Amino acid sequence: MNIFEKPILYIGPRNYSSWSMRPWLAMFWSGLDFDENLIDLDQEGYGKRQIKDVLAVSPTGTVPALKHGDLNIWDSLAICEYIEEICPKELWPIDANERAIARALTCEMHSGFSNMRNDFTHNIRRIIPTPPISEDAKIEIARLDYIFASQFEKYNGPFLFGEKPCIADAFYTPMAVRCRTYSLPLSGNAAKMRDNLLSSDGFLKWAELAQKEWQPFKSAPHDSVYE
C-alpha cells in the first residue's frame, strides 16, 4: 500500500444507505483527504448482493467498501478502525474508560437494533407521522432512548462523548435519522441528543449531498417511503 494514495470510499445512495454514512462521517471528521465513489444500487442484483458494480469492490456484494492502494476493506466498522489508525485526528475518546464504552456502544449498534432497521427504513428526506411500532421495536427504541439520554446527561453534548465526534457518533447518527423520519417517541434529553447528531457538520454535509443526488429508488419493496 502506498500511504500517499488517497483512500477511496465506495458508498450507496446517501438518502438510503445508512451503512455508507457511518464510515463517511468518520472519514469526514478524521481530517484525512479521501475520494468517494457513489454506486447506484437500484439495478439488477439488488437485495441479493449480486450488483456487479458492488461485487467489483466488495466480496460481500455490499457497500460501504474502502480501497487504499492495494488494500480493500468491506465492513463499516473495520473501515472506521482502519481510518482511526492512519488519520491525523483521534476518532475514539482519549480516556481509556470512555474509549472502552464508546467501542461497546459502537459494537452494540453494529450488531443490534435489527427490528428498528427492518421496520424503519433509512430515509433522510422524509418525515412522517409515527407508524405502528412492534413490541420488539419498542424495546430497541427504549434502549436507544437510554443511550442518547444518559450520554447527553453525562457530557451535555454536542456528541455522545462531549465536544469531539467519534466513531460512536458516526454509528448512531443513522439511528437519529430514523427517529426523526418516523417521529419515534424519545424522552427530552434523548431528543436533544438526536437533534445534536443531526446538526453536526458532517451530517449536514451528507444530507446536503443526499438532496442533490436524490432519485427515486424503485427496486425496494417498501417504496412508499421513498417518494
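None of these values were measured; they are calculated from a predicted model.

Analysis parameters
- Residues numbered from 1 in each chain as written.
- Predicted model: local features only at pLDDT ≥ 70, side-chain atom pairs only at ≥ 80, totals over all residues.
- Heavy atoms only, no water.
- Helix = DSSP H or I, 4+ residues; strand = E, 2+ residues; numbered from the N terminus.
- Rg over C-alpha atoms; globule rule 2.2 N^0.38 Å.
- Contact = heavy atoms within 4.5 Å.
- Areas by Shrake-Rupley, 256 points an atom, 1.4 Å probe, with all protein chains shown as cover.
- Lys, Arg positive; Asp, Glu negative; His and termini not counted.
- Charge placed at Lys NZ, Arg CZ, Asp CG, Glu CD.
- Expected span 1.5 Å × (residues − 1).
- Buried < 20%, exposed > 50% of the residue type's maximum accessible area, 1.4 Å probe, protein only.
- Arc of directions from axis to C-beta.
- Pairing = 2+ DSSP bridges.
- Right-handed = clockwise from strand over helix to strand, strands pointing away.
- Axes fitted to C-alpha atoms, helices over the stretch in contact; angles between N-to-C directions.
- Phe/Tyr/Trp six-rings, centres within 6.5 Å; stacked < 30°, edge-to-face > 60°.
- Lys NZ or Arg CZ within 6 Å of the ring centre and 35° of its normal.
- Disulfide = S-S within 2.5 Å.
- Salt bridge = Lys/Arg side-chain N within 4 Å of Asp/Glu carboxyl O.

Draft legend 1. Inspection of the overall build of the protein chain at higher detail. Helices and strands together make up the secondary structure of the protein chain, namely nine helices and four strands. Counting from the amino terminus, helix and strand elements in the protein chain follow one another as β-α-β-α-β-β-α-α-α-α-α-α-α. Computed over the C-alpha atoms, the radius of gyration of the protein chain is 17 Å, within 12% of the 17 Å expected from 2.2 N^0.38 for a compact globule of 227 residues. Structurally, the protein chain occupies a C-alpha span of about 45 × 45 × 30 Å along its principal axes. Taking as baseline every contact in the protein chain between residues at least 6 positions apart, the subset at least 24 positions apart corresponds to 73%. Carbon and sulfur atoms make up 52% of the accessible area of the protein chain, which amounts to about 10,900 Å² in all. Positive and negative charge centroids in the protein chain, built from 24 and 31 side chains respectively, lie 3 Å apart.

Draft legend 2. Helix α4 (residues 96–111), seen in detail. Between its terminal C-alpha atoms α4 stretches 23 Å, which fits the 22 Å expected from 16 residues at 1.5 Å a residue. For α4, the set of buried residues is Ala102, Leu105, Thr106 and Met109. Projected onto a plane normal to the axis of α4, the buried residues spread over an arc of 100 degrees and lie on a single side. In α4, the exposed positions angled more than 90 degrees off the buried face are occupied by Asn97 and Ser111. Where α4 is buried, its residues contact α1 (18–30), α3 (76–86), α5 (114–119), α6 (135–155) and α7 (167–181).

Draft legend 3. Fine view of the pairing of strand β2 (residues 35–38). Bridge analysis of strand β1 (residues 8–11) against β2 gives four bridges, and the strand direction is parallel. Bridge assignment links Tyr10 to a residue of β2, and that residue is Asn37. In this view, the connection linking β1 to its parallel neighbour β2 by way of α1 has right-handed handedness.

Draft legend 4. Structural context of the sheet that holds strand β3 (residues 65–68). Strand order in this open sheet of four strands is β2-β1-β3-β4, and the pairing throughout is mixed. The outermost strands of the open sheet, each flanked by one partner alone, are β2 and β4 (71–73). Pairs of neighbouring strands in the sheet enclose a mean axial angle of 20 degrees, with direction left out of account. In terms of strand pairing, β1 meets β3 through three bridges, oriented antiparallel. Bridged to Tyr10 within β3 is Ala65. Packing of α3 onto the sheet brings it into contact with β1, β3 and β4, and relative to β3 it is tilted by some 35 degrees.

Draft legend 5. Local environment of the packing of aromatic side chains. Under the counting rule described, the total for this entry stands at eight aromatic pairs. Ring geometry for Trp29 and Phe159: centres 5.7 Å apart, planes at 75 degrees, overall edge-to-face. Residue Trp29 is found in helix α1, and its partner Phe159 is found in the loop between α6 and α7; the two are separated by 130 residues along the sequence. When sorted by exposure, Trp29 lands in the same class as Phe159, which is buried. Ring pairs connect the aromatic residues Tyr16, Tyr46 and Phe217, which therefore count as one cluster. Here the guanidinium or amino end of Arg14 rests over the ring plane of Trp206, the centre of that ring lying 5.0 Å away. Positioned over the ring face of Trp19 is Arg22, at 4.0 Å from the centre of the ring.

Draft legend 6. Seen up close, the state of the cysteines. Scanning the entire structure with this criterion turns up zero disulfides. Note on Cys166: no disulfide assigned, nearest cysteine sulfur contributed by Cys80 at a separation of 10 Å. Here Cys179 stays unpaired: no disulfide links it, and the sulfur of Cys166, its closest cysteine neighbor, is 18 Å away.

Draft legend 7. Quick peek at the pattern of salt bridges. Per the counting criterion, the structure on display carries ten salt bridges. Across the salt bridge formed by Arg103 and Glu81, the nearest N and O atoms sit 3.5 Å from each other. Of this pair, Arg103 sits in helix α4 while Glu81 sits in helix α3, placing them 22 residues apart in sequence. For Glu81, a relative accessible area of 24% gives the class partly exposed. Between Lys212 and Glu208 there is a salt bridge, with its nearest N and O atoms 3.2 Å apart. Of the two residues, Lys212 and Glu208 are both situated in helix α9 (residues 201–213); the distance of four residues between them amounts to about one turn of the helix. Owing to a relative accessible area of 62%, Lys212 belongs among the exposed residues under this scheme. In this structure Glu208 comes out as partly exposed when scored by relative accessible area, which is 36%. Ionic contacts of the salt-bridge type, sharing partners, join the residues Lys6, Asp33 and Asp35 into one network.

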